[in-house]
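Residue-level structural notes
Listed below are the residues making up each chain.
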Amino acid sequence: MQTTFPQLLLNHAAQRPAEPAMREKEYGIWQALSWADLATLVSHLSCGLHQAGLQKGQHMIVVGANRPRLYATMLAVQALGAVPIPLYQDAAALECVFPINDAEVCFAFAEDQEQVDKLLEIRDKCPQLTNIYFDDPRGLRNYDEPGLASVDELVAAGQAFATLHPDFFKTEVNKVQPGDVGAMFFTSGTTGNPKGVVHTHNSLLNRAKAGADFDKLTARDEVLAYLPPAWIGQNIFSYAQWLACGYVVNCPESAATVTIDLKEVGPTYYFAPPRVFEGLLTSVMIRMEDAGALMRGMFHYFMGVAKRVGPTKMEGKPISLTDGVLYALGNVLVYGPLRNSLGMSRVRVAYTAGEAIGPDLFTFYRSIGINLKQLYGSTETAVFVCLQPDNEARADTVGVPCAGVEIKLADNGEILVKSPGLFKEYYKNPAATAEVLTADGWYHTSDAGFLDAHGHLKIIDRVKDVGRIKGGVNDGAMFAPKYVENKLKFFSHIKEVVAYGDGREKVCVMVNIDFDAVGNWAERRNLSYAGYTDLAQKPEVYQLIKDCVEQVNADLSVDTLLAGSQVSRFLVLHKELDADDGELTRTNKVRRGFIADKYKVLVDALYEGRTTQFIETQVKFEDGRTGSVSATLKLDDAKTFAPVKAAA
Amino acid sequence: MSKKIGDVILDVKNISLSFGGVKALTDISFNVREHEVRAIIGPNGAGKSSMLNCINGVYKPQQGSITFRGKTFGHMDSHQVAVMGIGRTFQNLALFKGMSVIDNIMTGRNLKIKSNLLMQALRIGPAQREEEFHREKVEHIIDFLEIQAFRKTPVGQLPYGLQKRVDLGRALAMEPQVLLLDEPMAGMNVEEKQDMCRFVLDVNQEFGTTVVLIEHDMGVVMDISDRVVVLDYGKKIGDGTPDEVRNNEEVISAYLGTSH
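None of the values given here were measured: they were computed from a predicted structure.

1. Things to note about the overall build of chain A
Looking only at helices and strands, chain A has 21 helices and 28 strands in total. Computed over the C-alpha atoms, the radius of gyration of chain A is 27 Å, within 12% of the 26 Å expected from 2.2 N^0.38 for a compact globule of 648 residues. Overall, chain A is about 85 × 60 × 55 Å in size when its C-alpha atoms are taken along their principal axes. Here chain A holds 648 residues, and the buried ones make up 45% of them. In chain A, once contacts between residues fewer than 6 apart in sequence are set aside, the share between residues at least 24 apart is 64%.

Here it is as structure tokens:
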């Protein structure tokens, strides 16, 4: 049944008024807010905002970390038929100007002094921004700006209004329709201005429900909300699904206490991008290196068992009796305490999304009994397009289409999606909308991929980056640079990779070693080196990288679509690719075209089959000075494998 | 932004202090108004810390008087000073390194705890309730100083900048009316200094606490103080707003030297 956000709030408040809706740790104690109290708070906020002049259809921005009153404000705005826009709390002041003016925002909720200062700074650029409400009054006592008031004052005013008009809130909530616009999210465009992605109450709640049904989420689940609420992922997990399921959302005390809070709360439903899982694993490994020999030995032995037995066990397949006993023992001695120390003792379902996750990292979590899975989606699709079922989680796919989703592949390999969760439009940008949302209801994801034999979706690359091999033995084969690069980057010794092959007869890559990992590796082998450039050119290092490349080639050879993307030649770069030199973007993505120009001699040498090549490169040091690095680089061949044709 | 600066709360008159033949302070007079941030600056050995030590009763000056809230003393008694509401932090931290952040700050509540040692140890009578009350006060300070992540960490394991924050927290725990800060930003990096400045200003504005601070970083002093006293070789050579002090010939020559 279609419904709206504020309607769901009223349902929870009526059905289970005393149960906790949210918890926030403050002054060292988890303070719970019940559904009934939340509903009262929201009704007062609504009345206050109505009195202050917020109208149906208008927008209000909310900026801040996950706090109960931030989510209450979103609900209050929606109850009036207005539209909340969460903005990233770490965005620079100037970045907020476009969204505020684009959506003609007059009302703002700001978490604290930092956010208020930001909004005041851009006020002369956004003259229509009249009302700013702050949650935490600290440091704001002496501010004397027109239109600046505390949320407390807003609630007090709303309470007075509500006493005089007791039916106002419910009447307003009943007027809101599921098809009305429910929220807007600005996506950080890589080029040009960000785009406002418009969602209706129904598109968000429909997907929230689909995801919840898929994993059988209930009101008894617990979530820790610690990623920015402006990110659709967090907003779905701690807002849309929160209201759809009625579980408890816990707000950490501060960004610095998340790991402590995680342990205290013990969430049952968890969501994080791969880098968070990587950070957690690294901290465990470092602590393990400092442990005593007995502990370390035990850890490594049982992690070996876990790696061998864990994945099979998680897939629900039978394992031998010995393995079963060993795994159970490991569970008591190692896996259980480890899960506890990660704050994941109670995790029933954990998701990672946003970027590709390394198979080792993925397997590590699954092997110690954490049900980590992947999903596929974006802001435009209200997250849930594909999800991995509990027993079929694999590192290289993103799962099966979930309820209501239809997937179709365009001729160029682009994934097209039809789903009840698709966005309505890009705000005030019909041209951009028409580009990705066709009249027959298909959304063009701009990702290339395919459905594998088991019906799982596999993402290859961005469509615009996918190329074709031209000439040679693999003529016409598909070439997905990022797919190849990622596969290589999953090796801890490799930091960055640039792959070439579009319109050429074979694939060649340039590799950046990870200085820490390879340096450490060299030290353990008593291999002396004078610095980055020297280390990068050691024959031993070339052999190390060659092994990685050939392993990737072996992997690719069994892939029917991408067997032609195997790497024929490679070299190890003499300097680290750096954003300061324009080789990476600020978010650390390789700029393939720029690098191809800058290192043209190297790329040519790779394709011309030379075995050494001299290069001199300008570099910019951190203090702004420039210098040059020169080296004679070796170029090496890698073994490729004949494509293995999967039996049809 | 404006705050109300009140009447004189602390008045130092003609203080002279010597150790044997060494004259640490000579005939120093200045006053501190309620709710202001008052800085004491001067080159090394100018007598800044000695001045603070006279105010909170560690040193007993040979001459002069100190008036606090209308009461005049020839010299202060350190226990009495604390009871009257003057708190301080130290240039070289004096925290209990093996104790947690909470326990360290809790020691700042010592004067306010009424139940005796036995009652506290056995948690009988009102002791438990009292501890909860004080713990709540401490939690507010932890929240204020944004050190929630280190509640239970032994202070000795924290980086220096955070230890300074805990030191400030302990001084705040006694809810002082006047806070004496001895080089709160010494040895800090730029970011830590900025944080500390914000905390000092927030203490001043949120709680109305009067702040007397010694500081070497001129940028910091000029930014956050309302008035500045300048000492050199135990003598007062300047007193006024940051701008007045900055343009004072004597101050310039004390800091930069003069050609003779």
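2. Let's talk about the overall build of chain B
Along its length, chain B carries 10 helices and 10 strands. For chain B, the spread of C-alpha atoms along the principal axes amounts to about 70 × 40 × 40 Å. Among the 260 residues that make up chain B, the fraction classed as buried is 38%. Taking contacts inside chain B between residues at least 6 apart in sequence as the whole, the part at least 24 apart equals 68%.

3. Focus: the packing of helix α5 (residues 127-144) of chain B against helix α6 (residues 160-173) of chain B
Residues and elements named next belong to chain B. Relative orientation of the contacting elements α5 and α6 amounts to 140 degrees, with a least axis distance of 10 Å. As the angle between them shows, α5 and α6 are arranged oblique. The chirality of how α5 crosses α6 is right-handed. Note on element contacts: α6 touches α5 through Gly-169, Leu-172 and Ala-173, opposite Lys-137, Val-138, Ile-141 and Ile-142. Residue composition of the contact of α5 with α6, by class: 5 nonpolar, 1 polar and 1 charged.

4. Quick look at the domain arrangement of chain A
All names here are of chain A. What the domain assignment reports for chain A is domain 1 (5-264), domain 2 (274-463) and domain 3 (466-637). Relative placement of domain 1 and domain 2: their C-alpha centres are 29 Å apart. With 27 residues of domain 1 at the interface, the matching set in domain 2 holds 23 residues. Elements with a contribution of two residues or more to the side of domain 1 that touches domain 2: β8 (181-187), β9 (195-200), α8 (201-214), α9 (232-245) and α10 (258-265). At 8 residues, α8 tops the list of elements feeding residues into the side of domain 1 that touches domain 2. Residues of the side of domain 1 that touches domain 2, tallied by class, amount to 12 nonpolar, 9 polar and 6 charged.

5. Some details on the domain arrangement of chain B
When its domains are assigned, chain B resolves into domain 1 (1-85 + 176-260) and domain 2 (96-175). Residue composition of the side of domain 1 of chain B that touches domain 2 of chain B, grouped by class: 9 nonpolar, 1 polar and 1 charged.

6. Structural notes on the nonpolar core
Counting 186 residues, the largest nonpolar core has Ala-108, Val-509 and Val-511 of chain A as its most contacted members. Looking at which element gives the most residues to this core, the answer is α9 of chain A, with 9 residues. In this structure, Ile-105, Met-106, Val-138 and Leu-172 of chain B belong to the second largest nonpolar core, which totals 66 residues.

7. Quick notes on the pairing of strand β7 (residues 178-182) of chain B
Side chains on a regular strand alternate between the two faces of the sheet. All names here are of chain B. Within β7, 5 of the 5 residues are buried, which leaves the element mostly enclosed by the surrounding structure. On β7, burial covers both faces: Val-178, Leu-180 and Asp-182 on one face and Leu-179 and Leu-181 on the other are all buried. Examined bridge by bridge, strand β6 (residues 86-89) and β7 share 4 bridges and lie parallel to one another. Its bridge partner being in β7, Arg-88 is matched across the sheet by Leu-180.

8. Quick look at the interface of chain B and chain A
Residue-level contacts link 14 residues of chain B with 12 residues of chain A. For the side of chain B that touches chain A, the elements supplying multiple residues, two or more each, are α5 and α7 (190-206) of chain B. Here the side of chain B that touches chain A takes 4 residues from α5 of chain B, the largest share from any one element. Partitioned by chemical class, the residues of the side of chain B that touches chain A number 2 nonpolar, 4 polar and 8 charged.

9. With respect to α5 of chain B
Residue and element names in this part refer to chain B. Its 18 residues give α5 an end-to-end C-alpha distance of 26 Å, which sits within 8% of 26 Å, the value for a rise of 1.5 Å per residue. Among the residues of α5, those classed as buried are Val-138, Ile-141 and Ile-142. Relative to the axis of α5, the buried residues are bounded by an arc of 100 degrees and lie together on one face. α5 presents Arg-129, Glu-132 and Glu-136 as exposed residues on the side facing more than 90 degrees away from its buried surface. Once α5 ends, the next one or two residues include Glu-146, with phi positive near 55 degrees.

10. Description of the sheet that holds strand β3 (residues 59-63) of chain A
All names here are of chain A. Here 5 strands make up an open sheet; going across it, the order is β4-β3-β5-β6-β7 and the pairing parallel. One side of each edge strand has no neighbouring strand; the edge strands of this open sheet are β4 (83-87) and β7 (148-150). Neighbouring strand axes in the sheet, compared pairwise and without regard to direction, differ in orientation by 25 degrees on average. With 5 bridges connecting them, β3 and β4 associate as parallel partners. Counted as the bridge partner of His-59 is Val-83 from β4.

11. Overview of the sheet that holds strand β16 (residues 400-401) of chain A
Residue and element names in this part refer to chain A. With respect to topology, 5 strands assemble into an open sheet ordered β12-β13-β14-β15-β16, the strand pairing being mixed. Two strands lie at the open edges of the sheet, namely β12 (269-271) and β16, each paired on one side alone. Relative to β16, strand β15 (residues 386-387) is paired through 2 bridges, and the arrangement is antiparallel. The residue of β16 that forms the bridge with Leu-387 is Val-400.

12. A closer look at the packing of α8 of chain A against α9 of chain A
Residues and elements named next belong to chain A. Direction vectors running N to C along α8 and α9 enclose 80 degrees, while the axes themselves pass 9 Å from each other. One finds that α8 runs roughly perpendicular with respect to α9. Residue-level inspection shows Leu-204, Leu-205, Ala-208, Lys-209, Gly-211 and Ala-212 of α8 in contact with α9, the latter providing Ile-236, Ala-240, Gln-241, Ala-244 and Cys-245. For the contact of α8 with α9, the residue count by class is 8 nonpolar, 2 polar and 1 charged.

13. Notes on the confidence of the model for chain B
For chain B, mean pLDDT is 88; residues scoring 70 or higher make up 97% of the total. Both scores are available for the predicted complex, with the pTM at 0.85 and the ipTM at 0.79.

14. Looking at the environment of Phe-621 of chain A
Residue and element names in this part refer to chain A. If you trace the backbone, Phe-621 turns up in the loop between β27 (612-620) and β28 (626-637). The class of Phe-621 is exposed, set by 10 C-beta atoms lying within 10 Å. Taking C-alpha positions, Phe-621 is 8.0 Å from Asp-580, a pair spaced 41 residues apart along the chain.

15. Some words on the environment of Gly-421 of chain A
Residues and elements named next belong to chain A. Along the polypeptide, Gly-421 turns up in the loop between β18 (414-418) and β19 (425-426). Measuring from C-alpha to C-alpha, the distance between Gly-421 and His-201 comes to 9.8 Å, with 220 residues separating the pair along the chain. Ignoring any residue separated from it by four or fewer positions in sequence, one finds Gly-421 in contact with Ser-203, Asn-206, Arg-207, Thr-381, Ala-382 and Phe-384.

16. Considering unusual backbone geometry
Positive phi, normally seen in glycine, also occurs at Ala-382 of chain A, with a value near 50 degrees. With respect to the helices, strands and loops of the structure, Ala-382 of chain A is situated in the loop between β14 (372-376) and β15. For Asn-14 of chain B, which is not glycine, the phi torsion reads 45 degrees and is therefore positive. Topologically, Asn-14 of chain B is positioned in strand β1 (residues 8-19).

17. Digging into the environment of His-493 of chain A
Secondary-structure assignment places His-493 of chain A in the loop between α16 (481-489) and β24 (494-500). If we ignore the near neighbours within four places in the chain, the residues touching His-493 of chain A are Ile-513, Asp-514, Ala-517, Val-518, Trp-521, Leu-544 and Cys-548 of chain A.

The rules we used
Residues numbered from 1 in each chain as written. Chains lettered and ligands numbered in written order. Predicted model: local features only at pLDDT ≥ 70, side-chain atom pairs only at ≥ 80, totals over all residues. Helix = DSSP H or I, 4+ residues; strand = E, 2+ residues; numbered from the N terminus. Rg over C-alpha atoms; globule rule 2.2 N^0.38 Å. Buried ≥ 20, exposed ≤ 12 C-beta atoms within 10 Å, placed from the backbone. Contact = placed C-beta atoms within 7 Å. Axes fitted to C-alpha atoms, helices over the stretch in contact; angles between N-to-C directions. Parallel < 35°, antiparallel > 145°, perpendicular 65-115°, else oblique. Left-handed = near helix turned anticlockwise from the far one by under 90°. Nonpolar A, V, L, I, M, F, W, Y, C, P; charged D, E, K, R; others polar. Domains from an automatic or database assignment. Core = buried A, V, L, I, M, F, W, Y, C linked by C-beta atoms within 7 Å. Pairing = 2+ DSSP bridges. Expected span 1.5 Å × (residues − 1). Arc of directions from axis to C-beta. pLDDT = per-residue confidence, 0-100.

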